[in-house]
Number of protein chains: 2
Amino acid sequence: MNSEEFKQFGKAMIDYIATYLDNIRNRDVIPSVEPGYMTKLVPEEAPTKGENWRAIMTDLEKVIMPGITHWHSPYFHAYFPTANSYPAIVGELLSAGIGCVGFSWFSSPACTELEMLVMNWLAKLLGLPDCFLNKSGSSGGGTIQGSASETTFICLIAARDRTIKRIKQKFPHMTESDIRGRLVAYTSDQANSSVEKAGLIAAIPMKHLPSNEYGKLTAETLLEAVEKDESNGMFPCYVVATLGSTGTCAFDKLEEIGPICKKEGVWLHIDAAYAGTAFVCPEYRHLMKGIEFADSFNFNPHKWMLVNSDCSAMWLKESQPLIDAFKVERIYLRHKYEGLVPDYRHWQISLGRRFRALKVWFTLRIYGTDGIRNHIRHQASLAKYFEYVLKKDHRFDVPLSNMGLVLFNLRAGDNSTQKLLNLLTERKKLYLIPCHFMGKLVVRFVVCSRFTTAADIEFSLREIIAVANKLLLPTQEGVWLHIDAAYAGTAFVCQGMSE
Amino acid sequence: MNSEEFKQFGKAMIDYIATYLDNIRNRDVIPSVEPGYMTKLVPEEAPTKGENWRAIMTDLEKVIMPGITHWHSPYFHAYFPTANSYPAIVGELLSAGIGCVGFSWFSSPACTELEMLVMNWLAKLLGLPDCFLNKSGSSGGGTIQGSASETTFICLIAARDRTIKRIKQKFPHMTESDIRGRLVAYTSDQANSSVEKAGLIAAIPMKHLPSNEYGKLTAETLLEAVEKDESNGMFPCYVVATLGSTGTCAFDKLEEIGPICKKEGVWLHIDAAYAGTAFVCPEYRHLMKGIEFADSFNFNPHKWMLVNSDCSAMWLKESQPLIDAFKVERIYLRHKYEGLVPDYRHWQISLGRRFRALKVWFTLRIYGTDGIRNHIRHQASLAKYFEYVLKKDHRFDVPLSNMGLVLFNLRAGDNSTQKLLNLLTERKKLYLIPCHFMGKLVVRFVVCSRFTTAADIEFSLREIIAVANKLLLPTQEGVWLHIDAAYAGTAFVCQGMSE
């Protein structure tokens, strides 16, 4: 393929993507295929002779699209969003076109420098403390990782090695292996699965402490666990606090947990993968009160900030423990500016790194910080609208709503809620997933797609209520009156959240 | 930004990339900027109001390009290549456009299914044993990871947990922590830095055994180390053998190492990050003799196979140890087809995963397997051409050449070689890096860019010789006569490598 054919192929793909996203509502959000569907459509071996790009374009609707779960459909309400925006797509495109590897400053200076700058943009946009900024003379800083999972894990490794050093000074007779065998980490039972996984991979017990009735990890619970473990000769090394839990978007009480971590010398990591983006709006910042106690903070612009995956933003108060844990040197990796600028390979598992800062830069410039704030407030208001209408139907209960997430179930009980969810999934018009809240099965409804409008929310409401009507007696309340009332976006703009 | 603006922006970027790559020879391969150059060009905070995309296009040449090390310049001879091809760029574009997350089959079936299929395409193309194929009823399979570093690390974790289980059965009185404290892993002193890093992260001693004079790890060395450690009460759990080492493209003797690993129950991982692609050519396959002993095999299509980063191909003979090590469950991640198809989140550190199989599919279809083979043979022949000409200049020594890599230095000694390299780097026309070989400083010359022609090799030769002329007396030999002789590509086609 020469550059002329690339231009044709590339531009045809740009058109294809635009058309796909423009018309995404017309597709069932959940695909109809069964496992193995593609084996009938794709040959068992790669072709010997090269094909024309038009053959690939033809295959997209035949082979790929039937098996796509449309994460950017306005009817995708499962999980938290994965971001997708036009500037970020173009940023990803340019990153591939340049195709540099930014493992050290010298290996492509722009890659490291733009990353340092946009990480500062993000830190300021969220209102993070100054200690996290990339600046000369500072011991902290920020970088882009592939995922929150990766970040939680590597901070655990940094915490592990920092703790071993500390304990070794206190008890010089202990071997590193002995100390390692007594390390222990903590999070709440509401933490994301990736936190548990980090513990498994690091072989450090990750204790899932019980959250309170609001899904929050409290100081009392943590302190009790830490003291008990310490009295049993264990060494607490790491706490993962969640701001915006996966199940219920709960916020751990940082300002209470933080002082305990500080006192005990335990590394405090903040996982704000989804909800972190909301801190661009001052009305949400009270939820990160106590952030100054954090040793590391992570949120995913690739979730709610419109930057395509992968883009997980990680900041460290002190980068040295991570660098110490990860630093390996080779003659061929050295360069004359070492020490003057970060070599980001020491901040991550992999040696190679793509130019991911481009898509952050593009997204923030095209939207502006006002645009990002509008996006968050708009999505939160759509969630409020959904909640408002669904609550009018007394067959439903809405035990909780936070930011873009609404939890609901049927008052008729778990069995009915499960049936509702099954039937909705079978119909493939909406994608929703369950979780447990206060001992009951609930359905998570998340406003995910940036294309979502009030009319889309009404579509989702009608579908949910129609399925409920099939399962239960139709409501007596004439809930449609409420849907048909004009949607006044401003009325639902989130006024900040109650804790 | 609406879809119309996206089409304009996206197509302008396609044109920009085509123009950039068409004219990449006109840019110095090494940039002229100093640390901090970008802080003068980019504001300290993100803009409040959104900007027009044309402002970004204007900034590319002003802000980004001055700081780019051009990895796809034909004069980039440092490291091993990072891939870049037109179909792969378009594949990355579509992956961003669809923006699905493939952590389970259900979360986007096409994402998992295409990955299973293209991993089989790759396995067959390389001639890997059947046990690595994705097929129903098989306990093995393949998946795409982000990097060889990641792969080396996660296989170490799988090996760790498999070994702990085995030892625990043998010595039920031992705790897991005790066993963990006695684990030990091995590689050669020629292994990539990522292997050392994997050991650091996993907190398992990674012993760098001395390689022989050809840079190979031999059976005797490994056996001696294993037996010594076992007699000291250690538990050997993991061996990383390298096929195509970073420094000198050396190949460990798999067919000798393999049986030892099998006998001792030690996990054998193969790191063929660069050279793995060469196995598409039957004439190179003798270098992976003994592959059937491998528990895991990894190569990077994002190095030499024209698939843009990130795309690291990993196969496991048995996937269960990895799944056991990584599996965490949540109600919201479950689906009705579990067990029938792999849920790839259990095969990797992160939960999220992009649709990376698209770019593999696009690349193999557009090039065809013949096209991939031609690419490898052409690049190897260009390396031979470089070697052939440089050897005519008796001031240079060429102690080794393998595939796309040629090692050379000045007979005048390390001091002169270092000066040569420094001066070349200062001139910014070529990018080369050093390593040590047989106790001497050598320069690694790698044919990296897919755009490289014989004329480009001649340009690089002229530059190297011109700099040598500055440092030493000009050669008496009239080496240019050799460069000016017509380049007969076929004469340099690699006939397979000597071991």
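These numbers come from a predicted model, not from an experiment.

Calculation rules
- Residues numbered from 1 in each chain as written.
- Chains lettered and ligands numbered in written order.
- Predicted model: local features only at pLDDT ≥ 70, side-chain atom pairs only at ≥ 80, totals over all residues.
- Heavy atoms only, no water.
- Phe/Tyr/Trp six-rings, centres within 6.5 Å; stacked < 30°, edge-to-face > 60°.
- Buried < 20%, exposed > 50% of the residue type's maximum accessible area, 1.4 Å probe, protein only.
- Helix = DSSP H or I, 4+ residues; strand = E, 2+ residues; numbered from the N terminus.
- Lys NZ or Arg CZ within 6 Å of the ring centre and 35° of its normal.
- Contact = heavy atoms within 4.5 Å.
- Expected span 1.5 Å × (residues − 1).
- Arc of directions from axis to C-beta.
- Salt bridge = Lys/Arg side-chain N within 4 Å of Asp/Glu carboxyl O.
- Least-squares fit on C-alpha atoms with pLDDT ≥ 70 in both.
- Buried area = accessible area lost by both parts, 1.4 Å probe.
- Polar contact = N/O pair within 3.5 Å; in protein donor to acceptor, adjacent residues only side chain to side chain.
- Nonpolar A, V, L, I, M, F, W, Y, C, P; charged D, E, K, R; others polar.
- Pairing = 2+ DSSP bridges.
- Axes fitted to C-alpha atoms, helices over the stretch in contact; angles between N-to-C directions.
- Domains from an automatic or database assignment.

Let's talk about the packing of aromatic side chains
The description of an aromatic ring pair uses the distance of the two centres, along with the angle that the planes make with each other.
In step 1: Per the stated rule, a full pass over the model turns up 47 aromatic pairs over all chains.
In step 2: With centroids separated by 5.6 Å and ring planes inclined at 15°, the aromatic side chains of Trp71 of chain A and Tyr79 of chain A adopt a geometry described as stacked.
In step 3: Exposure remark for Trp71 of chain A: the relative accessible area of 3% places this residue in the buried category.
In step 4: For the pair Tyr79 of chain B and Tyr431 of chain B, a centre-to-centre distance of 6.1 Å together with 80° between the ring planes defines the contact as edge-to-face. Taken together, the positions of Tyr79 of chain B in the loop between helix H2 (53-64) and helix H3 (86-98) and Tyr431 of chain B in the loop between helix H13 (414-427) and strand S10 (433-437) put the pair 352 residues apart, joining distant regions of the chain.
In step 5: Owing to a relative accessible area of 8%, Tyr79 of chain B belongs among the buried residues under this scheme.
In step 6: A relative accessible area of 4% places Tyr431 of chain B in the buried class.
In step 7: Three or more aromatic residues joined by ring pairs make a cluster, and in this case those are Trp71, Phe76, Tyr79 and Tyr431 of chain A together with Phe103, Trp105, Phe106 and Tyr337 of chain B.
In step 8: Here Arg365 of chain B stacks its cationic end above the ring of Trp361 of chain B, 4.8 Å away from the centre of that ring.
In step 9: The ring of Phe80 of chain B has Arg444 of chain B lying over it, and the distance from NZ or CZ to the ring centre is 4.7 Å.

Some thoughts on the environment of Thr369 of chain A
In step 1: Counting through the fold element by element, Thr369 of chain A comes out in helix H12 (residues 357-392).
In step 2: For the pair Thr369 of chain A and Val280 of chain A, spaced 89 residues apart in sequence, the C-alpha to C-alpha distance is 7.9 Å.
In step 3: Sequence-distant contacts of Thr369 of chain A, that is, excluding residues within four places in its chain, are made with Leu125 and Leu364 of chain A together with Ala46, Pro47 and Thr48 of chain B.

A word on helix H8 (residues 219-231) of chain A
Residues and elements named next belong to chain A.
In step 1: With 13 residues, H8 extends 18 Å from end C-alpha to end C-alpha; this agrees with the ideal 18 Å at 1.5 Å per step.
In step 2: Listed in full, the buried residues belonging to H8 are Ala219, Thr221, Leu222, Ala225, Val226 and Asp229. Taken down its axis, H8 places every buried residue within 165° of arc, on the same side. More than 90 degrees from the buried face of H8, the exposed residues found are Glu220, Glu224, Lys228 and Ser231.
In step 3: Buried residues along H8 sit against strand S2 (183-188), strand S3 (206-209), strand S4 (235-242) and helix H9 (254-264).

A short note on the pattern of salt bridges
Residue and element names in this part refer to chain A.
In step 1: One pass over the structure, following the stated rule, counts 61 salt bridges over all chains.
In step 2: Among the salt bridges present, the one from Asp310 reaches Arg354, with a minimum N-O distance of 2.9 Å. Of this pair, Asp310 sits in the loop between helix H10 (301-304) and strand S7 (312-316) while Arg354 sits in the loop between helix H11 (320-326) and H12, placing them 44 residues apart in sequence. Here the two residues Asp310 and Arg354 agree in accessibility, since each one is buried.
In step 3: In this structure, Glu338 engages Arg334 in a salt bridge whose closest nitrogen and oxygen atoms are separated by 3.8 Å.
In step 4: For Arg334, a relative accessible area of 57% translates into the label exposed.
In step 5: Connected through salt bridges with shared partners, the residues Glu92, Asp310, Arg354, Arg356 and Lys359 form a single ionic network.

Quick word on the relation of the copies chain A and chain B
In step 1: Overlay of chain A on chain B (RMSD 0.0 Å): rotation 180°, translation along the axis 0.0 Å. Interpreted geometrically, this transformation is the action of a two-fold axis.
In step 2: The overlap is high: 100% of the interface residues of chain A also sit at the interface in chain B, so the same surface is used on both sides.

Topic: helix H7 (residues 193-202) of chain A
In step 1: In terms of burial, H7 of chain A is a largely internal element, eight of the ten residues being buried.
In step 2: Turning to H7 of chain A, its buried residues are Ser193, Ser194, Val195, Lys197, Ala198, Gly199, Ile201 and Ala202 of chain A.

Considerations on the interface of chain A and chain B
One frequent convention defines the size of an interface as the accessible area lost when the parts assemble.
In step 1: Taken together, the contact between chain A and chain B spans 136 residues of the former and 136 residues of the latter.
In step 2: Counting each side, the surface lost to burial between chain A and chain B is near 12200 Å², with a carbon and sulfur contribution of 67%.
In step 3: Of all residues in chain A, the largest losses of buried area upon contact with chain B belong to Phe6, Tyr332 and Arg365 of chain A, amounting jointly to 7% of the total for that side.
In step 4: Taken together, chain A and chain B are joined by twelve salt bridges.
In step 5: Of the charged contacts, one joins Asp59 of chain A and Arg365 of chain B as a salt bridge, the two residues approaching to 2.7 Å between their closest N and O atoms.
In step 6: At the junction of chain A with chain B, the criterion picks out 62 residue pairs in polar contact (both at pLDDT 80 or more).
In step 7: No other element matches helix H1 (residues 3-22) of chain A, which puts 15 residues into the side of chain A that touches chain B.
In step 8: For the side of chain A that touches chain B, the residue count by class is 77 nonpolar, 34 polar and 25 charged.

Considering the sheet that holds S2 of chain A
All names here are of chain A.
In step 1: In space, the seven strands of this open sheet follow the order S1-S7-S6-S5-S4-S2-S3, with mixed pairing throughout. Of all strands in the sheet, those bounded by a partner on one side alone are strand S1 (141-145) and S3. This sheet shows a mean twist of 20° between the axes of neighbouring strands, independent of strand direction.
In step 2: Pairing analysis gives five bridges linking S4 to strand S5 (residues 267-271), with the strands arranged parallel. Looking at S5, one finds that Val239 is bridged to Leu268.
In step 3: Its contacts with the sheet put helix H5 (residues 148-170) on S1, S2, S3, S4, S5, strand S6 (296-299) and S7, and the angle it makes with S4 is roughly 155°.

So, the domain arrangement of chain A
Residue and element names in this part refer to chain A.
In step 1: Taken domain by domain, chain A comprises domain 1 (3-83), domain 2 (100-355) and domain 3 (378-472).
In step 2: The C-alpha-based centres of domain 1 and domain 2 are spaced at 36 Å.
In step 3: Between domain 1 and domain 2, the contact holds four residues from the first and 13 residues from the second.
In step 4: In total, about 580 Å² of surface goes out of reach between domain 1 and domain 2, with carbon and sulfur atoms giving 69% of it.
In step 5: The largest per-residue losses of area from domain 1 upon contact with domain 2 belong to Phe80, Pro81 and Ala83, which jointly make up 92% of the total buried on that side.
In step 6: At the boundary of domain 1 with domain 2, the tally comes to zero salt bridges.
In step 7: A class-by-class count of the residues in the side of domain 1 that touches domain 2 yields three nonpolar, one polar and no charged.

A few points about unusual backbone geometry
In step 1: Residue Asp310 of chain A follows Ser309 of chain A across a cis peptide bond; omega there is 0°.
In step 2: Even without being glycine, Met403 of chain A reaches a positive phi, approximately 50°.
In step 3: Summarising the element assignment, Met403 of chain A is placed in the loop between strand S8 (396-402) and strand S9 (405-410).
In step 4: The phi dihedral of Leu306 of chain B is positive, around 75°, even though this residue is not glycine.
In step 5: Structurally, Leu306 of chain B can be placed in the loop between helix H10 (301-304) and strand S7 (312-316).

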